[in-house]
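Each chain, written out:
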Amino acid sequence: MEKNTPLWEIFIRSRQGLDHKHVGSLHAADAQMAIENARDVYTRRQEGVSIWVVESKYITASDPDDSDPLFEPAKDKVYRHPTFYDLPEGIKHI
Amino acid sequence: MSQNIDFQTRFQAKIDAEIKIEPKDWMPEAYRKTLIRQISQHAHSEIVGMLPEGNWITRAPSLRRKVALLAKVQDEAGHGLYLYSAAETLGVSREQLLDDLHSGKAKYSSIFNYPTLTWADIGTIGWLVDGAAIMNQVMLCRASYGPYARAMVRICKEESFHHRQGFEILLTLSKGSEAQRKMAQESINRWWKPALMMFGPPDSESTNSEMSTKWKIKRESNDELRQRFVDVAAEQVTFLNMTLPDVVWNEERGHFDFGELDWEHFWSVVKGNGPCNKQRLAARVKAHEEGAWVREAALAYAEKRKNRTEAPPQ
(Lines give C-alpha, C1' and ligand atoms only; values in the text may rest on other atoms or scores of the structure.)
Protein backbone atom coordinates (compact mmCIF):
# COMPACT_ATOMS: atom_id res chain seq x y z
CA MET A 1 0.00 0.00 0.00
CA GLU A 2 1.46 3.29 -1.10
CA LYS A 3 1.55 6.11 1.42
CA ASN A 4 0.71 9.57 0.12
CA THR A 5 3.27 12.35 0.11
CA PRO A 6 2.26 15.35 2.23
CA LEU A 7 1.26 18.74 0.82
CA TRP A 8 3.46 21.82 1.37
CA GLU A 9 2.71 25.53 1.03
CA ILE A 10 5.45 27.41 -0.78
CA PHE A 11 6.57 30.98 -0.07
CA ILE A 12 9.09 32.78 -2.29
CA ARG A 13 11.14 35.92 -1.70
CA SER A 14 11.40 37.33 -5.20
CA ARG A 15 14.15 39.84 -4.43
CA GLN A 16 16.41 40.58 -1.49
CA GLY A 17 14.59 43.09 0.71
CA LEU A 18 11.06 41.93 -0.11
CA ASP A 19 8.72 39.68 1.91
CA HIS A 20 8.26 36.02 1.18
CA LYS A 21 4.97 35.62 -0.65
CA HIS A 22 2.71 32.60 -0.95
CA VAL A 23 2.93 31.19 -4.50
CA GLY A 24 1.15 27.85 -4.32
CA SER A 25 1.60 24.34 -3.04
CA LEU A 26 3.14 21.01 -3.98
CA HIS A 27 3.71 17.47 -2.72
CA ALA A 28 7.01 16.23 -1.29
CA ALA A 29 8.17 13.57 1.13
CA ASP A 30 9.95 16.03 3.46
CA ALA A 31 10.96 19.68 3.83
CA GLN A 32 14.24 19.33 1.97
CA MET A 33 12.58 17.69 -1.01
CA ALA A 34 9.81 20.30 -0.87
CA ILE A 35 12.45 23.02 -1.29
CA GLU A 36 14.06 21.15 -4.18
CA ASN A 37 10.70 20.63 -5.88
CA ALA A 38 9.73 24.26 -5.27
CA ARG A 39 12.93 25.34 -6.98
CA ASP A 40 11.85 23.44 -10.11
CA VAL A 41 8.15 24.28 -9.99
CA TYR A 42 8.16 27.92 -8.92
CA THR A 43 11.55 29.44 -9.83
CA ARG A 44 12.40 28.25 -13.33
CA ARG A 45 12.86 31.86 -14.44
CA GLN A 46 14.71 33.39 -11.52
CA GLU A 47 11.50 34.27 -9.69
CA GLY A 48 13.15 33.85 -6.32
CA VAL A 49 16.20 34.24 -4.11
CA SER A 50 14.79 32.38 -1.08
CA ILE A 51 12.19 29.68 -0.46
CA TRP A 52 10.13 28.86 2.64
CA VAL A 53 8.12 25.64 2.83
CA VAL A 54 5.50 24.83 5.46
CA GLU A 55 3.57 21.61 5.61
CA SER A 56 -0.02 22.61 4.78
CA LYS A 57 -1.48 20.90 7.84
CA TYR A 58 0.32 23.40 10.09
CA ILE A 59 -1.44 26.40 8.58
CA THR A 60 -4.43 27.62 10.57
CA ALA A 61 -6.70 29.92 8.63
CA SER A 62 -9.47 32.21 9.83
CA ASP A 63 -12.97 31.11 8.91
CA PRO A 64 -14.42 33.18 6.06
CA ASP A 65 -17.86 32.90 7.69
CA ASP A 66 -16.49 34.70 10.74
CA SER A 67 -14.71 37.41 8.80
CA ASP A 68 -17.41 40.04 9.51
CA PRO A 69 -17.15 39.92 13.31
CA LEU A 70 -13.40 39.27 13.08
CA PHE A 71 -12.58 42.38 11.11
CA GLU A 72 -15.53 44.57 12.13
CA PRO A 73 -13.72 46.24 15.09
CA ALA A 74 -11.36 48.09 12.73
CA LYS A 75 -14.20 49.46 10.63
CA ASP A 76 -15.15 52.52 12.68
CA LYS A 77 -11.62 53.57 13.65
CA VAL A 78 -10.90 56.09 10.95
CA TYR A 79 -8.82 58.03 13.49
CA ARG A 80 -6.09 55.45 12.89
CA HIS A 81 -5.47 57.02 9.49
CA PRO A 82 -3.45 60.23 9.03
CA THR A 83 -6.11 61.81 6.80
CA PHE A 84 -8.53 61.87 9.78
CA TYR A 85 -6.75 64.93 11.23
CA ASP A 86 -7.54 68.46 10.05
CA LEU A 87 -4.47 70.60 9.54
CA PRO A 88 -4.10 74.05 7.98
CA GLU A 89 -3.51 74.37 4.22
CA GLY A 90 0.09 74.83 3.22
CA ILE A 91 1.65 73.30 6.33
CA LYS A 92 4.78 71.37 5.40
CA HIS A 93 6.61 68.16 6.42
CA ILE A 94 3.73 66.66 8.44
CA MET B 1 -33.40 24.84 2.89
CA SER B 2 -34.06 28.55 3.26
CA GLN B 3 -30.55 28.89 4.65
CA ASN B 4 -29.19 27.19 1.54
CA ILE B 5 -31.08 29.63 -0.69
CA ASP B 6 -29.57 32.45 1.33
CA PHE B 7 -26.07 31.01 0.77
CA GLN B 8 -26.80 30.66 -2.96
CA THR B 9 -27.91 34.26 -3.22
CA ARG B 10 -24.88 35.56 -1.38
CA PHE B 11 -22.59 33.40 -3.49
CA GLN B 12 -24.05 34.70 -6.76
CA ALA B 13 -23.94 38.27 -5.45
CA LYS B 14 -20.21 37.89 -4.81
CA ILE B 15 -19.68 36.50 -8.31
CA ASP B 16 -21.69 39.35 -9.82
CA ALA B 17 -19.64 41.87 -7.84
CA GLU B 18 -16.41 40.30 -9.19
CA ILE B 19 -15.33 39.13 -5.74
CA LYS B 20 -13.18 36.01 -6.09
CA ILE B 21 -14.24 32.78 -4.43
CA GLU B 22 -11.53 31.25 -2.23
CA PRO B 23 -11.14 27.62 -1.07
CA LYS B 24 -12.80 27.96 2.34
CA ASP B 25 -15.72 30.09 1.12
CA TRP B 26 -19.14 28.53 0.78
CA MET B 27 -19.86 27.41 -2.79
CA PRO B 28 -22.63 25.38 -4.44
CA GLU B 29 -21.74 21.70 -4.88
CA ALA B 30 -22.22 22.01 -8.63
CA TYR B 31 -19.71 24.89 -8.80
CA ARG B 32 -17.17 22.78 -6.91
CA LYS B 33 -17.79 19.79 -9.18
CA THR B 34 -17.57 21.83 -12.36
CA LEU B 35 -14.28 23.33 -11.25
CA ILE B 36 -12.78 20.00 -10.20
CA ARG B 37 -13.73 18.57 -13.59
CA GLN B 38 -12.42 21.53 -15.56
CA ILE B 39 -9.21 22.18 -13.61
CA SER B 40 -8.23 18.51 -13.46
CA GLN B 41 -8.97 18.08 -17.17
CA HIS B 42 -6.75 21.07 -17.76
CA ALA B 43 -3.98 19.63 -15.53
CA HIS B 44 -4.15 16.26 -17.29
CA SER B 45 -3.87 18.05 -20.66
CA GLU B 46 -0.64 19.73 -19.56
CA ILE B 47 0.83 16.42 -18.45
CA VAL B 48 -0.30 14.36 -21.44
CA GLY B 49 0.73 17.30 -23.66
CA MET B 50 4.34 16.59 -22.75
CA LEU B 51 4.23 13.31 -24.68
CA PRO B 52 3.83 14.41 -28.32
CA GLU B 53 6.59 16.99 -27.89
CA GLY B 54 8.87 14.77 -25.84
CA ASN B 55 8.92 12.58 -28.93
CA TRP B 56 11.17 15.13 -30.68
CA ILE B 57 13.59 16.18 -27.93
CA THR B 58 16.31 13.73 -28.96
CA ARG B 59 15.87 14.62 -32.63
CA ALA B 60 15.71 18.42 -32.40
CA PRO B 61 17.77 19.78 -35.31
CA SER B 62 20.11 21.98 -33.23
CA LEU B 63 21.18 22.56 -29.64
CA ARG B 64 19.23 25.84 -29.61
CA ARG B 65 16.04 24.01 -30.57
CA LYS B 66 16.75 21.22 -28.12
CA VAL B 67 17.18 23.43 -25.03
CA ALA B 68 14.05 25.39 -25.99
CA LEU B 69 11.99 22.23 -26.41
CA LEU B 70 13.30 20.76 -23.16
CA ALA B 71 12.41 23.97 -21.31
CA LYS B 72 8.97 23.99 -22.89
CA VAL B 73 8.21 20.40 -21.92
CA GLN B 74 9.45 21.14 -18.40
CA ASP B 75 7.08 24.13 -18.28
CA GLU B 76 4.18 21.86 -19.24
CA ALA B 77 5.01 19.66 -16.24
CA GLY B 78 5.06 22.78 -14.05
CA HIS B 79 1.70 23.90 -15.44
CA GLY B 80 0.22 20.51 -14.66
CA LEU B 81 1.47 20.84 -11.08
CA TYR B 82 0.06 24.37 -10.60
CA LEU B 83 -3.30 23.12 -11.79
CA TYR B 84 -3.33 19.91 -9.74
CA SER B 85 -2.69 22.04 -6.63
CA ALA B 86 -5.51 24.39 -7.60
CA ALA B 87 -7.85 21.40 -7.98
CA GLU B 88 -6.77 20.02 -4.61
CA THR B 89 -7.92 23.21 -2.86
CA LEU B 90 -11.44 22.05 -3.75
CA GLY B 91 -11.09 18.96 -1.59
CA VAL B 92 -10.02 16.28 -4.07
CA SER B 93 -6.74 14.42 -3.51
CA ARG B 94 -3.83 14.22 -5.95
CA GLU B 95 -4.06 10.42 -5.88
CA GLN B 96 -7.74 10.55 -6.84
CA LEU B 97 -7.02 12.93 -9.70
CA LEU B 98 -4.27 10.68 -11.08
CA ASP B 99 -6.40 7.55 -10.66
CA ASP B 100 -9.16 9.19 -12.68
CA LEU B 101 -6.74 9.99 -15.48
CA HIS B 102 -5.22 6.52 -15.51
CA SER B 103 -8.57 4.72 -15.42
CA GLY B 104 -9.82 6.80 -18.35
CA LYS B 105 -12.58 8.37 -16.23
CA ALA B 106 -11.13 11.87 -16.56
CA LYS B 107 -10.56 13.46 -19.96
CA TYR B 108 -7.79 15.64 -21.35
CA SER B 109 -7.65 17.80 -24.45
CA SER B 110 -8.21 15.72 -27.57
CA ILE B 111 -5.49 17.55 -29.43
CA PHE B 112 -2.85 15.45 -27.70
CA ASN B 113 -4.23 12.28 -29.24
CA TYR B 114 -2.68 13.19 -32.58
CA PRO B 115 0.85 12.07 -33.49
CA THR B 116 3.84 14.39 -34.10
CA LEU B 117 5.02 12.99 -37.43
CA THR B 118 7.57 15.61 -38.48
CA TRP B 119 9.80 18.26 -36.88
CA ALA B 120 7.47 20.90 -38.33
CA ASP B 121 4.78 19.57 -35.97
CA ILE B 122 6.77 20.97 -33.04
CA GLY B 123 6.55 24.39 -34.67
CA THR B 124 2.86 24.01 -35.44
CA ILE B 125 2.02 22.83 -31.93
CA GLY B 126 3.73 25.90 -30.46
CA TRP B 127 2.06 28.28 -32.86
CA LEU B 128 -1.45 26.82 -33.25
CA VAL B 129 -2.03 24.48 -30.32
CA ASP B 130 -0.44 26.74 -27.71
CA GLY B 131 -1.89 29.75 -29.51
CA ALA B 132 -5.40 28.33 -29.16
CA ALA B 133 -4.73 27.36 -25.55
CA ILE B 134 -3.52 30.89 -24.75
CA MET B 135 -6.73 32.41 -26.20
CA ASN B 136 -8.67 30.31 -23.71
CA GLN B 137 -6.25 30.76 -20.82
CA VAL B 138 -6.14 34.55 -21.03
CA MET B 139 -9.88 34.48 -20.44
CA LEU B 140 -9.44 32.05 -17.53
CA CYS B 141 -7.03 34.45 -15.77
CA ARG B 142 -10.25 36.25 -14.75
CA ALA B 143 -12.10 33.12 -13.62
CA SER B 144 -14.11 33.56 -10.42
CA TYR B 145 -12.23 30.89 -8.45
CA GLY B 146 -9.10 32.48 -6.96
CA PRO B 147 -6.63 29.55 -7.02
CA TYR B 148 -7.57 28.71 -10.64
CA ALA B 149 -7.23 32.32 -11.80
CA ARG B 150 -3.85 32.68 -10.08
CA ALA B 151 -2.55 29.45 -11.65
CA MET B 152 -3.69 30.72 -15.04
CA VAL B 153 -1.84 34.03 -14.63
CA ARG B 154 1.36 32.13 -13.91
CA ILE B 155 0.78 29.81 -16.87
CA CYS B 156 -0.01 32.61 -19.33
CA LYS B 157 3.26 34.36 -18.51
CA GLU B 158 5.14 31.20 -19.44
CA GLU B 159 3.09 30.21 -22.49
CA SER B 160 4.18 33.22 -24.46
CA PHE B 161 7.62 31.73 -25.04
CA HIS B 162 6.05 28.45 -26.19
CA HIS B 163 3.97 30.31 -28.73
CA ARG B 164 6.86 32.34 -30.10
CA GLN B 165 9.35 29.48 -30.30
CA GLY B 166 6.77 27.52 -32.33
CA PHE B 167 6.30 30.33 -34.79
CA GLU B 168 10.05 30.78 -35.09
CA ILE B 169 10.47 27.11 -36.03
CA LEU B 170 7.91 27.49 -38.82
CA LEU B 171 9.43 30.77 -39.95
CA THR B 172 12.83 29.10 -40.27
CA LEU B 173 11.32 26.24 -42.27
CA SER B 174 9.43 28.73 -44.46
CA LYS B 175 12.76 30.26 -45.51
CA GLY B 176 14.34 26.86 -46.12
CA SER B 177 14.34 24.39 -48.98
CA GLU B 178 11.28 23.41 -50.99
CA ALA B 179 11.07 20.19 -48.96
CA GLN B 180 11.14 22.15 -45.69
CA ARG B 181 8.42 24.54 -46.89
CA LYS B 182 6.32 21.58 -47.94
CA MET B 183 6.80 19.90 -44.57
CA ALA B 184 5.69 23.06 -42.74
CA GLN B 185 2.58 23.57 -44.88
CA GLU B 186 1.62 19.91 -44.59
CA SER B 187 1.94 20.15 -40.81
CA ILE B 188 -0.22 23.29 -40.65
CA ASN B 189 -2.85 21.61 -42.82
CA ARG B 190 -2.94 18.58 -40.57
CA TRP B 191 -3.21 20.49 -37.24
CA TRP B 192 -5.41 23.42 -38.22
CA LYS B 193 -8.87 21.92 -37.77
CA PRO B 194 -8.05 19.87 -34.66
CA ALA B 195 -6.66 23.13 -33.17
CA LEU B 196 -9.94 24.93 -33.93
CA MET B 197 -11.85 22.15 -32.19
CA MET B 198 -9.83 22.75 -29.00
CA PHE B 199 -12.30 25.55 -28.21
CA GLY B 200 -15.00 22.93 -27.75
CA PRO B 201 -18.32 22.33 -29.47
CA PRO B 202 -20.31 25.18 -31.08
CA ASP B 203 -22.26 27.33 -28.62
CA SER B 204 -25.51 25.78 -29.85
CA GLU B 205 -24.36 22.35 -28.60
CA SER B 206 -22.20 23.21 -25.60
CA THR B 207 -23.69 21.61 -22.51
CA ASN B 208 -21.54 23.12 -19.76
CA SER B 209 -21.42 26.69 -20.98
CA GLU B 210 -24.49 28.29 -19.44
CA MET B 211 -23.68 27.70 -15.78
CA SER B 212 -19.96 28.32 -16.32
CA THR B 213 -20.82 31.73 -17.74
CA LYS B 214 -23.23 32.55 -14.91
CA TRP B 215 -20.53 31.59 -12.41
CA LYS B 216 -17.91 33.56 -14.36
CA ILE B 217 -15.64 30.57 -14.77
CA LYS B 218 -15.92 31.27 -18.50
CA ARG B 219 -16.40 34.76 -19.80
CA GLU B 220 -16.50 34.20 -23.52
CA SER B 221 -18.22 31.54 -25.58
CA ASN B 222 -16.46 28.76 -27.51
CA ASP B 223 -17.45 30.31 -30.83
CA GLU B 224 -16.27 33.80 -29.86
CA LEU B 225 -12.84 32.54 -28.82
CA ARG B 226 -12.57 30.32 -31.90
CA GLN B 227 -13.35 33.21 -34.24
CA ARG B 228 -10.82 35.48 -32.54
CA PHE B 229 -8.18 32.78 -32.89
CA VAL B 230 -8.97 32.28 -36.60
CA ASP B 231 -8.70 36.01 -37.29
CA VAL B 232 -5.36 36.27 -35.50
CA ALA B 233 -3.86 33.14 -37.11
CA ALA B 234 -5.05 34.17 -40.59
CA GLU B 235 -2.99 37.36 -40.31
CA GLN B 236 0.05 35.58 -38.84
CA VAL B 237 0.20 32.88 -41.53
CA THR B 238 0.98 35.52 -44.14
CA PHE B 239 4.40 36.02 -42.49
CA LEU B 240 5.13 32.40 -43.39
CA ASN B 241 3.85 32.82 -46.95
CA MET B 242 1.69 29.81 -46.25
CA THR B 243 -2.05 29.19 -46.04
CA LEU B 244 -4.64 27.91 -43.59
CA PRO B 245 -6.99 25.35 -45.13
CA ASP B 246 -10.47 26.68 -46.01
CA VAL B 247 -9.84 30.08 -44.45
CA VAL B 248 -11.39 32.90 -46.49
CA TRP B 249 -12.03 36.54 -45.63
CA ASN B 250 -15.72 37.34 -45.32
CA GLU B 251 -16.23 41.01 -46.06
CA GLU B 252 -19.80 41.01 -44.83
CA ARG B 253 -19.00 39.54 -41.40
CA GLY B 254 -15.69 41.35 -41.09
CA HIS B 255 -14.12 38.05 -40.05
CA PHE B 256 -12.38 35.08 -41.65
CA ASP B 257 -14.60 32.06 -42.42
CA PHE B 258 -13.07 28.69 -41.61
CA GLY B 259 -15.41 26.14 -43.18
CA GLU B 260 -16.99 23.10 -41.57
CA LEU B 261 -15.53 21.29 -38.58
CA ASP B 262 -16.07 17.56 -38.26
CA TRP B 263 -17.63 17.27 -34.79
CA GLU B 264 -18.44 13.62 -35.22
CA HIS B 265 -14.72 12.99 -35.57
CA PHE B 266 -14.05 15.22 -32.53
CA TRP B 267 -16.39 13.22 -30.28
CA SER B 268 -14.97 9.98 -31.56
CA VAL B 269 -11.47 11.12 -30.50
CA VAL B 270 -12.80 12.27 -27.10
CA LYS B 271 -14.33 8.83 -26.62
CA GLY B 272 -10.96 7.15 -27.11
CA ASN B 273 -10.75 6.48 -30.84
CA GLY B 274 -8.10 9.02 -31.86
CA PRO B 275 -4.83 7.90 -33.42
CA CYS B 276 -2.87 7.96 -30.12
CA ASN B 277 -5.37 7.70 -27.21
CA LYS B 278 -4.23 4.25 -26.10
CA GLN B 279 -0.55 5.06 -26.48
CA ARG B 280 -0.83 8.31 -24.47
CA LEU B 281 -2.69 6.74 -21.58
CA ALA B 282 -0.41 3.70 -21.55
CA ALA B 283 2.63 6.01 -21.36
CA ARG B 284 1.14 7.85 -18.35
CA VAL B 285 0.23 4.65 -16.52
CA LYS B 286 3.67 3.19 -17.19
CA ALA B 287 5.41 6.32 -15.88
CA HIS B 288 3.26 6.28 -12.75
CA GLU B 289 3.76 2.59 -12.04
CA GLU B 290 7.46 2.59 -12.77
CA GLY B 291 7.88 5.69 -10.60
CA ALA B 292 6.24 4.02 -7.59
CA TRP B 293 9.56 2.89 -6.14
CA VAL B 294 10.90 6.46 -6.31
CA ARG B 295 7.94 7.78 -4.32
CA GLU B 296 8.30 4.95 -1.81
CA ALA B 297 12.05 5.50 -1.47
CA ALA B 298 11.53 9.25 -0.93
CA LEU B 299 9.03 8.58 1.85
CA ALA B 300 11.26 5.92 3.46
CA TYR B 301 14.22 8.30 3.34
CA ALA B 302 12.15 11.13 4.86
CA GLU B 303 11.01 8.77 7.62
CA LYS B 304 14.58 7.67 8.34
CA ARG B 305 15.83 11.25 8.54
CA LYS B 306 12.95 12.21 10.82
CA ASN B 307 13.69 9.33 13.20
CA ARG B 308 17.35 10.24 13.28
CA THR B 309 16.71 13.87 14.27
CA GLU B 310 14.05 12.87 16.80
CA ALA B 311 16.09 10.09 18.43
CA PRO B 312 17.05 10.85 22.03
CA PRO B 313 20.76 11.61 22.61
CA GLN B 314 22.87 8.55 23.50
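Residues numbered from 1 in each chain as written. Chains lettered and ligands numbered in written order. Predicted model: local features only at pLDDT ≥ 70, side-chain atom pairs only at ≥ 80, totals over all residues. Heavy atoms only, no water.

**Quick look at the overall build of chain A**
Link 1 in the chain: A count of helices and strands for chain A gives two helices and three strands.
Link 2 in the chain: From first element to last, N terminus to C terminus, chain A shows the α and β order β-β-α-β-α.
Link 3 in the chain: Here the C-alpha atoms of chain A give a radius of gyration of 21 Å, more than 25% beyond the 12 Å that 2.2 N^0.38 yields for 94 residues.
Link 4 in the chain: If you line up chain A on its principal axes, its C-alpha atoms span 70 × 35 × 15 Å.
Link 5 in the chain: Per-residue burial for chain A yields a buried fraction of 23% across its 94 residues.
Link 6 in the chain: Across chain A, every contact between residues at least 6 apart in sequence was considered, and the portion connecting residues at least 24 apart equals 43%.
Link 7 in the chain: Accessible surface for chain A amounts to roughly 7300 Å². Of this, 54% is attributable to carbon and sulfur atoms. (Helix = DSSP H or I, 4+ residues; strand = E, 2+ residues; numbered from the N terminus. Rg over C-alpha atoms; globule rule 2.2 N^0.38 Å. Buried < 20%, exposed > 50% of the residue type's maximum accessible area, 1.4 Å probe, protein only. Contact = heavy atoms within 4.5 Å. Areas by Shrake-Rupley, 256 points an atom, 1.4 Å probe, with all protein chains shown as cover.)

**Observations concerning the overall build of chain B**
Link 1 in the chain: In terms of regular secondary structure, chain B is built from 13 helices and two strands.
Link 2 in the chain: The C-alpha radius of gyration computed for chain B amounts to 22 Å, which stays within 12% of the reference 20 Å derived for 314 residues, consistent with globular compactness.
Link 3 in the chain: Its C-alpha atoms put chain B at 75 × 60 × 35 Å along the principal axes.
Link 4 in the chain: Evaluated residue by residue, chain B yields a buried proportion of 49% over its 314 residues.
Link 5 in the chain: Averaged over its 42 positive side-chain charges, chain B has a centre that lies 6 Å from the centre of its 41 negative ones. (Lys, Arg positive; Asp, Glu negative; His and termini not counted. Charge placed at Lys NZ, Arg CZ, Asp CG, Glu CD.)

**Observations concerning the sheet that holds strand β3 (residues 50–55) of chain A**
Strand pairing in a sheet takes place through backbone hydrogen bonds and is either antiparallel or parallel in direction.
Residues and elements named next belong to chain A.
Link 1 in the chain: Taken in spatial order, the three strands of this open sheet run β2-β1-β3, and their pairing is antiparallel. The open sheet has two edge strands, β2 (20–27) and β3, and neither has a second partner. Averaged over all adjacent pairs, the angle separating strand axes in this sheet is 25°, with direction ignored.
Link 2 in the chain: Lying over the sheet, helix α1 (residues 31–42) contacts β1 (7–13), β2 and β3, oriented at roughly 105° with respect to β2. (Pairing = 2+ DSSP bridges. Axes fitted to C-alpha atoms, helices over the stretch in contact; angles between N-to-C directions.)

**Concerning a nonpolar patch on the surface**
Residue and element names in this part refer to chain A.
Link 1 in the chain: Where nonpolar side chains cluster on the molecular surface, the patch consists of Val78, Tyr79, Phe84, Tyr85, Leu87, Ile91 and Ile94 and spans about 730 Å² of accessible area.
Link 2 in the chain: Mapped onto the elements of the fold, Ile94 is located in the segment after α2 (67–71).
Link 3 in the chain: Here Ile94 falls in the exposed class, since its relative accessible area comes to 75%. (Patch = residues over 30% accessible without salt bridge, like charges linked within 9 Å, V, L, I, M, F, W, Y side chains within 5 Å. Salt bridge = Lys/Arg side-chain N within 4 Å of Asp/Glu carboxyl O.)

**Comments concerning the pairing of β2 of chain A**
All names here are of chain A.
Link 1 in the chain: Two strands pair when backbone bridges link them, and β1 and β2 are joined in this way by seven bridges, in the antiparallel orientation. Bridged to Ile12 within β2 is Lys21.
Link 2 in the chain: The loop that links β1 with its antiparallel partner β2 comprises six residues; one of these, Gly17, has a positive phi angle of about 100°.

**Some remarks on the confidence of the model for chain A**
Link 1 in the chain: Overall, the prediction assigns chain A a mean pLDDT of 94, with 98% of residues at 70 or greater.
Link 2 in the chain: For chain A, the element scoring lowest by mean pLDDT is α2 of chain A, at 91; β3 of chain A scores highest, at 98. (pLDDT = per-residue confidence, 0-100.)

**Quick notes on the side chain of Gln38 of chain B**
Link 1 in the chain: As for its position among the elements, Gln38 of chain B is in helix α2 (residues 29–48).
Link 2 in the chain: Non-local contacts of Gln38 of chain B, meaning those with residues more than four positions away in its chain, are made with Leu140, Tyr148 and Ile217 of chain B.

**Section: the pattern of salt bridges**
All names here are of chain B.
Link 1 in the chain: By the definition in use, this model includes 28 salt bridges over all chains.
Link 2 in the chain: Notably, a salt bridge pairs Arg64 with Glu168, separated by 2.5 Å at the nearest N-O pair. Of this pair, Arg64 sits in helix α4 (residues 63–88) while Glu168 sits in helix α7 (residues 146–174); the two residues are 104 residues apart in sequence, bridging distant segments of the chain.
Link 3 in the chain: Classification of Arg64 as exposed rests on a relative accessible area of 53%.

**Digging into the nonpolar core**
Link 1 in the chain: Counting 93 residues, the largest nonpolar core has Leu26 of chain A together with Tyr31, Ile39, Trp127, Tyr145 and Tyr148 of chain B as its most contacted members.
Link 2 in the chain: In terms of residue count, the dominant contributor to this core is helix α6 (residues 120–140) of chain B (10 residues).
Link 3 in the chain: Residues within four places of Ile39 of chain B in sequence aside, it is in contact with Leu83, Ala86, Ala87, Leu90, Tyr145 and Tyr148 of chain B. (Core = buried A, V, L, I, M, F, W, Y, C linked by side-chain atoms within 4.5 Å.)

**Concerning the packing of α2 of chain B against α4 of chain B**
All names here are of chain B.
Link 1 in the chain: Running from amino to carboxyl end, α2 crosses α4 at an angle of 160°, the nearest separation of the two axes being 8 Å. Our classification of the angle between α2 and α4 gives roughly antiparallel. Considering only the axes of α2 and α4, their crossing is left-handed. In this structure, α2 contributes Ile39, His42, Ala43, His44, Glu46 and Ile47 to the contact, and α4 contributes Glu76, Ala77, His79, Gly80, Leu83, Tyr84, Ala86 and Ala87.
Link 2 in the chain: Grouping the amino acids of the contact of α2 with α4 by side-chain chemistry returns eight nonpolar, four polar and two charged. (Parallel < 35°, antiparallel > 145°, perpendicular 65-115°, else oblique. Left-handed = near helix turned anticlockwise from the far one by under 90°. Nonpolar A, V, L, I, M, F, W, Y, C, P; charged D, E, K, R; others polar.)

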